[in-house]
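# What the coordinates show
Given next are the chains, with one letter for each unit.
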Amino acid sequence: RGAPARRRPEPLLMAGACRMGPWAVPWMMLCLLCLPPWARAQTKIPLETVKSWADAFGGELYSIVTKYSGSLLLQKKYKDVEPTLKIKEVDGLELVKKFSEQMESMLRRKVEAVERLVEAAEDADLNHEYNSSLEFDYYNSLLINDKDENDNYVELGDEFILEPNEHFNNLLVNTTYSDIQLPTNVYNKDPAILNGVYMSEALNPIFVDNFERDPTLTWQYFGSSTGFFRLYPGKTVEMGFALSVYIQAATSPKDIVIIVDVSGSMKGLRMTIAKHTIVTILDTLGENDFVNIIAYNDYVHFIEPCFKGILVQADRDNREHFKQLVEELQAKGVGTVSKALTESFKILREVRVGGLCNQAIMLITDGAVEDYEAVFEKYNWPDRKVRVFTYLIGREVTFAPNVKWIACNNKGYYTQISTLADVQENVMEYLHVLSRPMVINHDHDIIWTEAYMDSAAQSLLLMTTVAMPVFSKKNETRSHGILLGVVGSDVPLRELLKLAPRYKLGVHGYAFLNTNNGYILSHPDLRPLYKEGKKLKPKPNYNSVDLSEVEWEDRDEILRSAMINGETGYLSMDVKVPVDKGKRVLFLTNDYFFTDISGTPFSLGVVLSRGHGEYILLGNTSVEEGLHDLLQPDLSLANEWIYCITDIDPDHRKLSQLEAVIRFLTGEEPDLECDEELVQEVLFDAVVTAPMEAYWTTLALNMSLDTEAGIEMAFLGTRAGLMRSALYVGSEKISNKKFLTQKDKESIFTMDHFPLWYRRAAEHPPGSFIYSIVSEDESGNPNLNTEQTEGKRIKPLFTPHIPHGPHPDTFIAASRLVGTFGKFTVYSIFLFFCLQTGKFFGAVDGSVMTQLLNMGMFRRVTMYDYQAMCKVPYHHHSGARPLLSVRSLSMLASPSLGCPRLARAGPCAPLMCPCLVPPAHRHKKHDTLQPCDTEYPVFVYEPAIKETNGLIDCGDCQKMFVAQQIISSNLLLLVTDTVCDCILNSPAHNASVKCERMRSQKLRRRPDSCHAFHPEENAQDCGGAAGLSVCAALLLLPLVLLLR
């Protein structure tokens, strides 16, 4: 009431199990092979007979599921309270602004915690005098609580109390003290280490105070340039500090051209060292940096011809691509470095897309003899805006003065790399140089990282880190720009998403976050993990998935551009949403609302689906009435939703959300903070659905085991995340024990999405049931489930769980169908049906499916997956070009049908099955999974065509088929002749790599700050001699080893 007629309000309540998608239908197949011999000779299938079969079957099935779901009763209950309901319109723009402000406030608290650490660390260093004979004991994370043979604590391993803490993933931690981690190759009593650890003891009270001020804080740390790592809370498990975090906090964005000498003198070990040097430089780059690589001998060539004359973003994909090409470099000819330098300066001078801050050339060579001064005079002097870093490869020192001169006269740094072991230390020197301007100016830039997996908690949760550099304030070292280290704190992205509650967004709605580079931080369709054997592993490119690769309907990148530019606005799009692991598709009109999160490089988007997210139904129920119904044993709440905040107070962490709501309502826990609007919705739903418990219980007690065997479960779910369920059989007889449990996330309400059965039923016509095939049980038998949508404004979904197997008595309708199907034997019919259950029909009979497509009963929809993992032979060169190459699928079944989309997860699940690679490469032991882009078809049923029939010319014979829609369902009855066999060949499709896609530079927003030069920096500190810079490099090396 009061809602515009053009919009359909959010379904208030649904119930069900897994189903097929909207108009993606399960098939009932009757084959003439199942007929007795006299019937098999007939050439025509009687159309009226097939229709009577479909009507009879549909009527019987509808009657059974209506009875055991209780749909009529529940519909009546909602009809009775409909006059009391209120409709609240959701303002998407106000909603996204509110969420953004809350997220900004939360993230600001993290920044303030890090700022306090920076201040404490710099003050402690200012007041600390270096003492080369300092003796000091500290808690070494690898030695704490260790005892010797005499039961005495070992040195640096004193008693350190560790207790499990739910806030830290139940790891054993000490929340009153931090501890120290060191790489094993560093002497733990080295004077530099002892002085640094002693100085940083001042951080302990700040760590504790930060955690008390903000109990949502997780790990806090200080990574010192001397090589140690201080972690709070202290723990024994070693945790590596991300190298990318350290580098991002210590330097500004970089545009780098790497020049490598591939002349004949570089053969052998020198070439090996040079390659390793390039790879190490690439590993220091991040998504805010840009790079290219030039190889030179008699002539100059870009190692990736497609990147000629440009810089490309140094994201993971491009770095890995470069690494592969570097391995193929071969030494020959004579080196002419001046041409390579000229090309490099031209790229950096003409760059329009890049970091546009620090610019540098990395020259890797075993000598320079020609006249190159003219190049610098023309392109770099007198301003010297491009730094040149030189790496002399090999033990020969004849050309050392020349190579050092190049670096020292271009504000760079010179090092000589004689062995592979020298590479890491010498490469890292350039970071010390690039950090000087920031350090001298004492600019404490706040950096936020891309998403990454939480290694500290030993989990697969996505995190982001906020970090800041720590500088020396001592005047005597000001011109050298001494970086003491980096402090930071982790932020679980799930904590951010808790501020965008699912119930406010509707069944199809969601919130998502992206970075200034357009990469996804969080999105319900982000799939960062893949399965290798039985283990889940992060995909190689999980943190560099672009927004355009998830919201791919935004073909003109209007949404992406607006969000990267930090705009606030609104956009509407018709979208095709893949569900059920890509096997089905929902057609929605989504409204996108977006804004930036102030003080961060992040943007927030909120999606509301038309009719499902823009209106909320509100009921009025007293606490006393609702509380009574909440206590019924068949009721549960979505435990990932935040009805009440239970993760801050340790006394509340053991409470389920339902227990917390009850204690809040009864006043037992007055300190609990709860979402009163959501709690009110729960109370209303609990009262209206309460009669279902008695209804289902009565049915269960009066069921006939002979006539109604096979019905296992009835359940319902509401928009408020409330669920009720009832078993019609003993729990030990449930065929799918994972259903409605945490082991089957698709079937329950989670922080990311509504249950799959709920989402699909929301798009199904009211008054009908949806039937679907769920995953097999241990016996290999698939299960048939149904869901129903009802009503106009209120659309309940009801689902008894109906399994079937190869025997008539295990299928719910079998005993009732014997008379209906007349001369057909039920056993034969369902034996054939079950052998094909769950398969894409195009794989069962491609000729009939092709004909149905041609007749318009189905239409083909092209979908894309830019997060797929494809099998690639281990020797296949392009296999390591994640998201750069588009691999087409091998087509099966018929020219118009794509890779079969299985109706249940199995050995050939969508996007992971052997059909994703050419047949010649299947099942090889050395085949590996690599990121790839895929295009695949989904076939959508057109409900306007309720029946059709035809003849297919198969050459030697003709195949007849009849298809008939089964009323009030998403089922089709198909009768076909299988004596006449039509086999269609599949065309092959080759993979291709498109240079245009590789060269494309997507819009990005550069970081706000840039520190390229400072007039006070000591440019003569350019390497090649003992001094302060050398000491700094030696101190930095242990940290690098720890970071790795």
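Residues numbered from 1 in each chain as written. Predicted model: local features only at pLDDT ≥ 70, side-chain atom pairs only at ≥ 80, totals over all residues. Heavy atoms only, no water.

### Notes on the overall build of the protein chain
Counting its regular elements, the protein chain contains 28 helices and 40 strands. In the protein chain, buried positions account for 59% of the 1044 residues. When contacts within the protein chain are restricted to residue pairs at least 6 apart in sequence, long-range pairs at least 24 apart make up 74% of them. (Helix = DSSP H or I, 4+ residues; strand = E, 2+ residues; numbered from the N terminus. Buried < 20%, exposed > 50% of the residue type's maximum accessible area, 1.4 Å probe, protein only. Contact = heavy atoms within 4.5 Å.)

### Focus on unusual backbone geometry
Omega for the peptide link from Tyr232 to Pro233 comes to -5°, which places this bond in the cis form. Summarising the element assignment, Pro233 is placed in the loop between strand 8 (229-232) and helix 7 (243-250). A cis amide bond, omega 5°, links Trp381 with the succeeding residue Pro382. As for its position among the elements, Pro382 is in the loop between helix 11 (373-379) and strand 14 (386-393). You will see that Asp151, though not glycine, has its phi angle at about 65°, which is positive.

### Examining the state of the cysteines
Counted under the stated rule, the structure contains 4 disulfides. A sulfur-sulfur separation of 2.0 Å characterises the disulfide bridge that pairs Cys644 with Cys674. Negative torsions about the S-S bond denote left-handed disulfides, and the value of about 105° found for Cys644 with Cys674 makes this one right-handed. With a gap of 30 residues between them, Cys644 in the loop between strand 28 (635-637) and helix 19 (657-666) and Cys674 in the loop between helix 19 and helix 20 (676-689) connect regions that are remote in the sequence. As far as burial versus exposure is concerned, Cys644 and Cys674 are alike and both buried. (Disulfide = S-S within 2.5 Å.)

### Some remarks on the sheet that holds strand 26 (residues 603-609)
Taken together, the 5 strands give an open sheet; going across it, the order is 21-20-26-25-24, and neighbouring strands pair in antiparallel fashion. Edge positions in the open sheet fall to strand 21 (520-522) and strand 24 (569-579), since each of these has one partner strand only. Ignoring strand direction, the axes of neighbouring strands in this sheet form an average angle of 35°. Packing against the sheet, helix 4 (residues 92-126) makes contact with strand 20 (510-514), strand 24, strand 25 (584-596) and strand 26, and its axis sits at approximately 145° to strand 26. (Pairing = 2+ DSSP bridges. Axes fitted to C-alpha atoms, helices over the stretch in contact; angles between N-to-C directions.)

### Observations regarding the packing of aromatic side chains
Given two aromatic rings, one states the distance between the centres and the angle between the planes to describe the pair. Scanning all chains against the criterion turns up 37 aromatic pairs. Taken together, a centroid distance of 6.3 Å and an interplanar angle of 50° make the contact between Phe376 and Trp405 tilted. Taken together, the positions of Phe376 in helix 11 and Trp405 in helix 12 (residues 400-408) put the pair 29 residues apart, joining distant regions of the chain. We classify Phe376 as buried; its relative accessible area is 0%. (Phe/Tyr/Trp six-rings, centres within 6.5 Å; stacked < 30°, edge-to-face > 60°.)

### With respect to a negative patch on the surface
On the surface, Glu89, Asp91, Glu94, Glu101 and Glu104 cluster together into a patch of negative charge. Looking at the element boundaries, Glu94 is found in helix 4. A relative accessible area of 47% means that Glu94 is categorised as partly exposed. (Patch = residues over 30% accessible without salt bridge, like charges linked within 9 Å, V, L, I, M, F, W, Y side chains within 5 Å. Areas by Shrake-Rupley, 256 points an atom, 1.4 Å probe, with all protein chains shown as cover. Salt bridge = Lys/Arg side-chain N within 4 Å of Asp/Glu carboxyl O. Lys, Arg positive; Asp, Glu negative; His and termini not counted. Charge placed at Lys NZ, Arg CZ, Asp CG, Glu CD.)

### Description of the pairing of strand 25
Burial runs high along strand 25: 10 of the 13 residues are buried. Note: strand 24 against strand 25, 11 bridges, orientation antiparallel. Paired with Ser572 across the two strands is Asp591, which belongs to strand 25. Following strand 24, the chain reverses through 4 residues before pairing antiparallel with strand 25; Asp580 in that reversal takes a positive phi of roughly 55°. Bridging between strand 25 and strand 26 involves 7 bridges; their strand directions are antiparallel. Its bridge partner lying in strand 26, Phe594 is registered against Gly605. Turn length for the strand 25-strand 26 hairpin, with the two strands adjacent in sequence and antiparallel, is 6 residues, and the turn residue Gly599 shows positive phi of about 85°.

### Quick notes on the confidence of the model for the protein chain
Low pLDDT means the predicted coordinates in that region are not meant to be read closely. Scored by pLDDT, the protein chain comes out at a mean of 79, with 78% of its residues at no less than 70. Counting contacts from residues 15-42, a segment whose pLDDT is below 50, to residues more than four positions away or on other chains yields 124 contacts. In the predicted structure, residues 985-994 sits below a pLDDT of 50 and forms 19 contacts with residues beyond four places in sequence or in another chain. (pLDDT = per-residue confidence, 0-100.)

### Notes on a positive patch on the surface
A cluster of like positive charges, contributed by Lys531, Lys534, Lys581, Lys738 and Lys743, occupies part of the molecular surface. Relative to the helices and strands, Lys581 is located in the loop between strand 24 and strand 25.

### Focus: the environment of Leu231
One can find Leu231 in strand 8. When its relative accessible area of 0% is taken as the criterion, Leu231 is described as buried. Distance from Leu231 to Tyr177, taken between C-alpha atoms, is 8.9 Å for residues 54 residues apart in sequence.

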